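Working through the structure, step by step
For reference, the chains in residue letters:
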Amino acid sequence: MNRSQAPRPRGQKDPARSHGSGNVRTDDQRNPQPAPGAGRAGGGVARTSLVSSALGFIAAAAFAGTAAWASGCQGEAPPGPSTEGGSPPERTSSLPRPAPASSARAAASAEAPKEAPAAAPSEAPPEPPAPDTPYTGPLLGSIMPQASVYPTMEFSKQRLGYIRLGGKVPVDPKPIKGGSCAKGWYRLLDGGYVCGRSATTDLSNPQVRLGITPPNLDEVLPYKYAFNTTHGTPLYRSVPSKDEMMRYEPYLESSKRKRKEEEKQRAEALYEETEKEVAAAAAARAAAAASPAPVAAVAADPAAVEDKAAAVAAAASLGIAPAPVEEEPEKPWWENVDEKGRPLNVTLADLDKDADSTVAKRMVKGFFVAVDKTFGWNGRSWYKTTAGLVAPSDRMYIIKPPASQGIDFPEGAKSVGFILAKSASKYQFDAEKKSVSVAGSLERFAAFGLTGESHTHRSTVYRKTTEGWWMKGADGTYTDLGSPPPDLAPGEKWIDVNLSRKTLVAIEGDKPVFAALVSPGRRSKDKKKNHATPTGVFRIREKHIATTMDGDGTVAGDLPYSIEDVPFVAYYDGSYALHGAFWHGNFGREMSHGCVNLSPLDAKKVFFWSEPRLPRGWHGVWATPENRGTLVSIHE
């Protein structure tokens, strides 16, 4: 991502700036826990629907505050979540659309590992349904921000994956007693075990029913994303009262303050006029004492002078008179800006300092939140984020994701070409290739097969397409595979990323199956600004449908960035990852902080094609020695 760098786990340095790749966050102090309790009632919206929706939202928010966690483009994987909860009776329900099945190595077996304590159920456990068969059997719902899935019925550092709050997965509904979980272990039909403290088969449980909305895998992005337009926008722990809104969002009273300021100015002007009149009257009395006759008329009305003096004293007692100069309180970071309106020397830690029982933190302009729900309250529209916080929608707007995408590798093509120019043309040569003419127009990001044949005409290189026309070399780029990884098994999947061509190719054995443009890390001769993507051969270590990336600036003047729930993330080296980028559409150019950015549609395709396979209902999955991740070869 960008901060222009790749995503990374929370606590690690590096990032997802509001236009590139970033750091991923883990659950820690930076992800404040939502305050329990319902928001106070306000005016402006029908109470019945508002109160029911608000109370439901608040109940969910109370359990979702720690859901966002980081793993950015330079660092280790996010830590595992805590486990608490209950384990009510079995229920059945239909499962949301399962993730696409993979054709690579087999995923973890649904059977218990040999070292796991043996269970002796009275009847045979249900068999997993065929991949294309809708599942309608028992489900296990997560009641924690992350319900960990373990390979055996024991807590350990090794995890197979996790289920997000409210997520539901196919399960053998009879808990197995034994091991270190007093409430028993649930065996998932797609492999692994979940402790009954972290999940329940009672799908009416509030934590399950009001949990985070499942990601929409049928859309371009798993969630809607809102861009913060102004420095200082608060993220509330729960829906605020009117008094809280006015206290934490003083800009809502700007017009009221302006009227008060105008009234104060008029009062001060009256005071100054009165003070001058009092001074003139005193001078007149002094003159009258020296020569009574000429000023008798002025001195004749001492009561008027006393009234004026009393008026001045009264004004002073009301705070209208100029008070002794006092030091102004230090401005909050979001009001302390330079001539360009940029906050001065702000870090993520500074944003956390704004936290209290009402506000979790304030946002910098350019932050993104993932929207779980939209609702009305106190005459305003609000977003509930996937982290369980509340943001005022009138300070944000929903972004439209880029729709560009790669193509399945054309049959018979040696490579794939992509147009990067804003406008380009198709070209045709005569039989002798001595003259060239325009044969049509091309849009930016157009993709097509190339035969491998090239021709130079008047110092310009052209490449022939599988459709018969020619592409001008300067108009775009093309795929150019590197050597296969040395650890590649026959027919095994692997991914080739060419940093010079800025392309990605998904390959099965020696057959390319898909090609796309990417945006790797920005390079610079300045070491502090150099975010070049490291080269080498790696294996995908873990995958997340979405995870948050944030980080601080690397040079003076840089602002922090935060992108909530970056989509379709596959970590392959520390906090470097392949992931979708919805905050920019400049694919084929260097844009990130070290990660490999893809368009959302391409990232989703690579995510579900690659290993390890994501089981049904899971939000994240880790590779294992038995289910290794797909190889990723990154080269110049």
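Note: the structure precedes this text.
What comes next is a walk through the structure. It should be emphasised that the depicted structure is a prediction, and the values quoted were computed from it without experimental measurement.

1. Brief notes about the overall build of the protein
Across its full length, the protein holds eight helices and 32 strands. When each of the 636 residues of the protein is scored for burial, the buried share is 51%. Sequence separation of 24 or more characterises 69% of the internal contacts of the protein that already satisfy a separation of 6 or more. Element-wise, carbon and sulfur atoms account for 52% of the exposed surface of the protein, whose accessible area totals about 28,400 Å².

2. Notes on the sheet that holds strand S23 (residues 493–498)
Read across the sheet, six strands follow the order S15-S25-S24-S23-S32-S26 without closing on themselves; strand pairing throughout is mixed. Each having just a single partner strand, strand S15 (407–408) and strand S26 (536–539) make up the two edges of the open sheet. In this structure, strand S24 (residues 503–508) lies alongside strand S25 (residues 511–517), joined through six bridges in antiparallel fashion. By the bridge assignment for S25, glutamate 508 is matched with lysine 511. In this fold helix H8 (residues 600–609) packs onto S15, S23, S24 and S25, with an angle of close to 145° to the strand it touches most, S25.

3. Considering the environment of lysine 168
With respect to the helices and strands, lysine 168 occurs in strand S4 (residues 168–176). With 46 residues separating them in the primary sequence, lysine 168 and proline 214 have C-alpha atoms 8.9 Å apart.

4. What about the state of the cysteines?
What the rule picks out here adds up to one disulfide. At a sulfur-sulfur separation of 2.0 Å, the disulfide partner of cysteine 181 is cysteine 195. Residues cysteine 181 and cysteine 195 are joined by a disulfide whose S-S torsion is about 75°; by sign, that bridge is right-handed. Highlighted residues: cysteine 181 in the loop between S4 and strand S5 (185–188) and cysteine 195 in strand S6 (residues 193–195), separated in sequence by 14 residues.

5. Remarks on the sheet that holds S5
One open sheet holds the five strands; their spatial order is S6-S5-S4-S1-S7, and the pairing between them is antiparallel. On the outer flanks of this sheet lie S6 and strand S7 (199–200), each paired with one strand and no other. Bridge count between strand S1 (residues 139–142) and S7: two bridges; the pairing is antiparallel. When the sheet's bridge partners are listed, glycine 141 is paired in S7 with threonine 200.

6. Points about unusual backbone geometry
Backbone geometry follows two general trends: most residues other than glycine have a negative phi, and most peptide bonds adopt the trans configuration. The step from glutamate 611 to proline 612 runs through a cis peptide bond, and the omega angle for that step is 0°. Examined against the element boundaries, proline 612 turns out to sit in the loop between H8 and strand S31 (620–622). The backbone of lysine 502 sits at a positive phi, close to 60°, despite the residue not being glycine. Accessibility expressed as a relative area gives 14% for lysine 502, which makes it buried. Look at aspartate 565: it is not a glycine, yet its phi comes out positive at around 55°. Among the structural elements, aspartate 565 can be located in strand S28 (residues 561–573).

7. A closer look at the nonpolar core
In terms of nonpolar packing, the biggest core is built from 40 residues, with Leu188, Ile495, Val497 and Leu578 touching the most fellow members. The element that contributes the greatest number of residues to this core is H8, accounting for five residues. Counting residues in hydrophobic clusters, the runner-up holds 33 residues, among them Phe418, Val505, Cys595 and Leu631.

8. Brief notes about the pattern of salt bridges
On inspection of all chains with the given rule, the structure shows 17 salt bridges. With a shortest N-O distance of 2.8 Å, lysine 605 and aspartate 408 are connected by a salt bridge. Of this pair, lysine 605 sits in helix H8 while aspartate 408 is found in strand S15, placing the two residues 197 residues apart along the sequence. With a relative accessible area of 48%, aspartate 408 lands in the partly exposed category.

9. Remarks on the pairing of S25
By the bridge criterion, two bridges tie S15 to S25 in an arrangement that is antiparallel. Looking across to S25, one finds that aspartate 408 is bridged to phenylalanine 514. A loop of two residues connects S24 with S25, the two strands running antiparallel in sequence, and glycine 509 in this loop sits at a positive phi of about 70°.

10. Some words on H8
Counting buried residues along H8, eight of its ten residues qualify, which places the element largely inside the surrounding structure. Where H8 is concerned, the buried positions are Pro600, Asp602, Ala603, Lys604, Val606, Phe607, Phe608 and Trp609.

11. Describing the packing of aromatic side chains
Applying the stated criterion across every chain, the model contains 19 aromatic pairs. With 5.0 Å between their ring centres and 85° between their planes, phenylalanine 607 and phenylalanine 608 make a pair best called edge-to-face. Residue class for phenylalanine 607 comes out buried when judged on its relative accessible area of 1%. Linked through ring pairs, Tyr225, Phe227, Phe368, Tyr397, Phe582 and Trp583 together constitute an aromatic cluster. For arginine 395, the ring lying beneath its charged end belongs to tyrosine 251, and the centroid distance is 3.5 Å. The ring of tyrosine 135 has arginine 616 lying over it, and the distance from NZ or CZ to the ring centre is 5.5 Å.

About the criteria used
- Residues numbered from 1 in each chain as written.
- Predicted model: local features only at pLDDT ≥ 70, side-chain atom pairs only at ≥ 80, totals over all residues.
- Heavy atoms only, no water.
- Helix = DSSP H or I, 4+ residues; strand = E, 2+ residues; numbered from the N terminus.
- Buried < 20%, exposed > 50% of the residue type's maximum accessible area, 1.4 Å probe, protein only.
- Contact = heavy atoms within 4.5 Å.
- Areas by Shrake-Rupley, 256 points an atom, 1.4 Å probe, with all protein chains shown as cover.
- Pairing = 2+ DSSP bridges.
- Axes fitted to C-alpha atoms, helices over the stretch in contact; angles between N-to-C directions.
- Disulfide = S-S within 2.5 Å.
- Core = buried A, V, L, I, M, F, W, Y, C linked by side-chain atoms within 4.5 Å.
- Salt bridge = Lys/Arg side-chain N within 4 Å of Asp/Glu carboxyl O.
- Phe/Tyr/Trp six-rings, centres within 6.5 Å; stacked < 30°, edge-to-face > 60°.
- Lys NZ or Arg CZ within 6 Å of the ring centre and 35° of its normal.

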